[in-house]
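Read off the chains here:
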Amino acid sequence: MSAAPAYGEDKGGSAGPGEPEYGHDPASGGIFSSDYKRHDDLKEMLDTNKDSLKLEAMKTIVAMIARGKNASDLFPAVVKNVACKNIEVKKLVYVYLVRYAEEQQDLALLSISTFQRGLKDPNQLIRASALRVLSSIRVPIIVPIMMLAIKEAASDMSPYVRKTAAHAIPKLYSLDSDQKDQLIEVIEKLLADKTTLVAGSVVMAFEEVCPERIDLIHKNYRKLCNLLIDVEEWGQVVIISMLTRYARTQFLSPTQNESLLEENPEKAFYGSEEDEAKGPGSEEAATAALPARKPYVMDPDHRLLLRNTKPLLQSRSAAVVMAVAQLYFHLAPKAEVGVIAKALVRLLRSHSEVQYVVLQNVATMSIKRRGMFEPYLKSFYIRSTDPTQIKILKLEVLTNLANETNTPTVLREFQTYIRSMDKDFVAATIQAIGRCATNIGRVRDTCLNGLVQLLSNRDELVVAESVVVIKKLLQMQPAQHGEIIKHLAKLTDNIQVPMARASILWLIGEYCEHVPKIAPDVLRKMAKSFTAEEDIVKLQIINLAAKLYLTNSKQTKLLTQYVLSLAKYDQNYDIRDRARFTRQLIVPSEQGGALSRHAKKLFLAPKPAPVLESSFKDRDHFQLGSLSHLLNAKATGYQELPDWPEEAPDPSVRNVEVPEWTKCSNREKRKEKEKPFYSDSEGESGPTESADSDPESESASDSKSSSESGSGESSSESDSEDQEEEKGRSSESEQSEEEGEKRKMKKRKKVPEGQGEGSSSEEDSDSSSGSSESERTSETEEEQVEPASWRKKTPPSGKSAPVAKEISLLDLEDFTPPSVQPVSPPTIVSTSLATDLEGLTLTDSPLVPSLLSPVVGVGRQELLHRVAGEGLAVDYTFSRQPFSGDPHMVSLHIHFSNSSDTPIKGLHVGTPKLPAGISIQEFPEIESLAPGESVTAVMGINFCDSTQAANFQLCTQTRQFYVSIQPPVGELMAPVFMSENEFKKEQDLRGGR
């Protein structure tokens, strides 16, 4: 591909259609003025002292690079601005230098001191960019400088800079491999980094520099497994691939002794050998059957890897899902591999490129683990819009999944594929039918009959492919299909595809005893057209002549000599050699008499039937998801997947020792945090509890993570210690809470009754703080009983405090403050609250319904918007009262509003189309609704104790509007008033507790 001409070479050139005349896209903020149309103008802008012009020039240059324009001639002007004090300019300069530093190495070396100063810059982005530019200069003379910069960056406080250092390691290694030992030290240091930003990059550097150094992974294995979920997607793919190979060298194969696989692997891990020996009789019999092998117990670190990668099957990245799928396929027990099937099927909805890679791997998996994908058979059905390569891969998977149960379904699907206009796909479908007939004997005759019917197809390619497949199927039972061979012999006059003609000739020659009358006639026809045939057909004509000469020499002797004489002078030396060899073999002579006696054994020997196998059968020796597996050939840089070890290596190499001083410091910190719980000061009890809750949760999470990664004994000890400490803290907090509440009670008793609102607000804040404290520790009886003794005493004031109502964000229109009624304070209950608390009382006397005000407008919902209703707005509310016409119906209030300029006439309910059991009692027709007027009507609906929607029409004289009302479950229940004793009696009668 030729490089694009630089700006300034063609002075008379103009921008193409649709392109800006200069610079880059307007959204990126560059300059498009005609004053700066050439590189000379950009150079002048870069030489000015104004940072704003430099910034605009650099934006334009970077945009040119992004669009594929050549900006290499601006390197001298750009590199001078590497020392610019403006951060934004410096960032863009480094972006430019990363692109062109390798091409302009001499000029880049002139500014190497500036790059070194950039490594000390306070801005982490500048430090990382300087290291990136320095590692892009491919000059061996600066290798020591690069090594020093990488070592310093590996110890940087910023994880972004450490990540850049990990990216620079492979660049330096490719430039000078002698630095491998020093780079391994840096890799070892970065592998110990606990930041997720660094993990993926350093593992990639490890894979490229020293993949054989498995010992570097031992100490960091559990950390990488735990960090995996939070690493970026690119890093997840790299880490999973590396951990797959690591697990194949450190753990035993989970497929050995699968009959003795324990359901709970951790039981054997924490249990003793004596407990295992005392198992039930079935286990003893199993161990007696296999005395040489112990029951397989999965290593906890092996289980950790499988458990932490499983959630990544739901990742949005197809590469991550594919990486986890190959890990499970290569490492997981057979009983657990099935979880990847659903995730891989989900990827089939992605782009065709993703589908191609996924189907390649699914085709390989489906050969060994057929049952894994059988429930998703329909997901592999072929669409007419699929590309040809996707169709063929799906066809491969469908053929692999075919068994005696689903074969009729698969064959019906294949029957529709044969009608496709894609000839390659049709040929692959016919081959798939042949494979199904070969693998499943029950449908062999059905497939053969279907292929014979295809011989009358108008498409020559379909007929030719059918002949090839029929030839392979007839080899399995030729005696039963003499008629098919005769039918194929008649097709030699019509079929012109060389492979099909050669297959017919081979069949006739191989089974010539079944067609003794037709075979000589076919040879006669072929002898006439011998010189015009393709090479593959000529070879089969020679074979047919030799076989007929040996079985029916009276009729075919002259024809055989004629064919061999024609072949003797053929242009292809293979055909000439075959003709000479055949003549010496079948025609007896003085020199070749001994060999001609064995001619029948050579030509007419029984041949085994061909085995039609999948082309993906032997691809599993490549790691799934790799380029080598995709190409079915070993690619450069491919690392073989190691074999499982015979004996498990020492698992203690992955144990990380925790220094003693860290344990002591943690205990001291805990003691310091416990001190406020024992203090007698009044004002510190609340704040110390709230301040101490977060460290407690952190310590709990720390103990949890340490228990997972550490040994079983240490984890159990730490758990018991934490539980004891938590119990002690909760008991102490309860005591301090009781004391604090008693003090507050004493204070409240001293407050005069005539105090203003300030005291009430203070009391409310105290009560809220006390309740929050009690929620953090435990809900005690004092916390439930104590507030009732003082919260009822409200100070007298001019305005009564309204009871707070629960507000839903979806029902803001329904929130209206209740009207104040002149009743005594103990009986003040808001309308909505009273409705919600109907039937709930702690006394034996039932609530009297007449004392409660009727509920109007509860849960008002929109039925018809005024825009959709052309000015007619309709809302409805559940009145929560029985319908007067029918007690089985729910009463609804329908609110009509006319927001248009014209009156609406004839409002009524049209003929409803309701489900079975649902009925509607219509409201009376509203003759006219004036503009701005609102009216409410009552209608009843019997929902038949279901939440099905009632669909009906609201009609006017001119329009019909389709509306729907679906009831919540609570609106279908009628209120029942009873005392507590009556409720308990009813509960006992109905079998309640």
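Structure first, text after, so check above.
Residues numbered from 1 in each chain as written. Predicted model: local features only at pLDDT ≥ 70, side-chain atom pairs only at ≥ 80, totals over all residues. Heavy atoms only, no water.

**Digging into the pattern of salt bridges**
- Scanning the entire structure with this criterion turns up 30 salt bridges.
- Between Asp156 and Arg127 there is a salt bridge, with the nearest N and O atoms lying 3.0 Å from each other. Placement of Asp156 in the loop between α8 (143–154) and α9 (159–175) and of Arg127 in helix α7 (residues 124–136) is noted, with a sequence separation of 29 residues between them.
- The class of Asp156 is buried, set by a relative accessible area of 15%.
- When its relative accessible area of 12% is taken as the criterion, Arg127 is described as buried.
- Salt-bridge contacts for Arg959 lead to Glu870; the nearest nitrogen and oxygen are separated by 2.2 Å. Of this pair, Arg959 sits in the loop between β8 (950–955) and β9 (960–965) while Glu870 sits in the loop between β1 (861–864) and β2 (872–882), placing them 89 residues apart in sequence.
- Via salt bridges that share partners, Arg222, Asp299, Asp301 and Arg654 belong to a single interconnected network. (Salt bridge = Lys/Arg side-chain N within 4 Å of Asp/Glu carboxyl O. Helix = DSSP H or I, 4+ residues; strand = E, 2+ residues; numbered from the N terminus. Buried < 20%, exposed > 50% of the residue type's maximum accessible area, 1.4 Å probe, protein only.)

**Some remarks on unusual backbone geometry**
- Residues other than glycine seldom take positive phi values, yet Asn632 does so here, at roughly 60 degrees.
- Locating Asn632 in the fold gives a position in the loop between α36 (627–631) and α37 (660–674).
- Under the relative-accessibility criterion, Asn632 is labelled partly exposed at 35%.
- With a phi angle near 55 degrees, Glu870 is a residue other than glycine that sits in the positive phi range.

**Examining the packing of helix α27 (residues 460–474) against helix α29 (residues 498–510)**
- Taken N-terminus to C-terminus, the directions of α27 and α29 make an angle of 30 degrees; their axes are 8 Å apart at the nearest point. Our classification of the angle between α27 and α29 gives roughly parallel. Remark: the crossing between α27 and α29 carries left-handed chirality. Residues Ala464, Val467, Val468, Lys471 and Leu474 of α27 lie in contact with α29, whose contacting residues are Met499, Ala500, Ser503, Ile504, Trp506 and Leu507.
- Broken down by class, the residue content of the contact of α27 with α29 amounts to nine nonpolar, one polar and one charged. (Axes fitted to C-alpha atoms, helices over the stretch in contact; angles between N-to-C directions. Parallel < 35°, antiparallel > 145°, perpendicular 65-115°, else oblique. Left-handed = near helix turned anticlockwise from the far one by under 90°. Contact = heavy atoms within 4.5 Å. Nonpolar A, V, L, I, M, F, W, Y, C, P; charged D, E, K, R; others polar.)

**Description of the packing of aromatic side chains**
- Scanning the entire structure with this criterion turns up 12 aromatic pairs.
- Here Phe75 and Tyr96 contribute two aromatic rings whose centre-to-centre distance is 6.0 Å and whose plane-to-plane angle is 40 degrees, an arrangement assigned as tilted. Of this pair, Phe75 sits in helix α3 (residues 75–79) while Tyr96 sits in helix α4 (residues 87–100), and the two are 21 residues apart along the sequence.
- Given the relative accessible area of 0%, Phe75 is considered buried.
- The exposure class of Tyr96 is buried, given its relative accessible area of 0%.
- Plain terms: the ring middles of Phe414 and Tyr417 are 6.2 Å apart, the flat faces sit at 45 degrees to each other, and that makes the pair tilted. (Phe/Tyr/Trp six-rings, centres within 6.5 Å; stacked < 30°, edge-to-face > 60°.)

**Quick look at the sheet that holds strand β6 (residues 926–929)**
- If you walk across this open sheet you meet the four strands as β6-β4-β8-β9, and the pairing is antiparallel. In the strand order of this sheet, the two ends are held by β6 and β9, each with one partner. On average, each strand axis in the sheet is inclined to that of its neighbour by 30 degrees, with strand direction left out of account.
- Bridge analysis of β8 against β9 gives six bridges, and the strand direction is antiparallel. Looking at the pairing, Ala950 lines up with Ile965 of β9. (Pairing = 2+ DSSP bridges.)

**Remarks on the environment of Ile169**
- On the secondary structure map, Ile169 appears in helix α9.
- Each residue touching Ile169, except ones within four places of it in the same chain, is listed here: Ile150, Leu183, Val186, Ile187, Leu190, Ala205 and Val209.

**Concerning α7**
- Between its terminal C-alpha atoms α7 stretches 18 Å, which fits the 18 Å expected from 13 residues at 1.5 Å a residue.
- Along α7, 10 of the 13 residues are buried, which leaves the element largely enclosed by surrounding structure.
- All of the buried residues along α7 are Ile126, Arg127, Ala128, Ser129, Ala130, Leu131, Val133, Leu134, Ser135 and Ser136.
- Its side-chain oxygen at 2.9 Å from the backbone nitrogen of Leu125, Asn123 defines the N-terminal cap of α7. (Expected span 1.5 Å × (residues − 1). Polar contact = N/O pair within 3.5 Å; in protein donor to acceptor, adjacent residues only side chain to side chain.)

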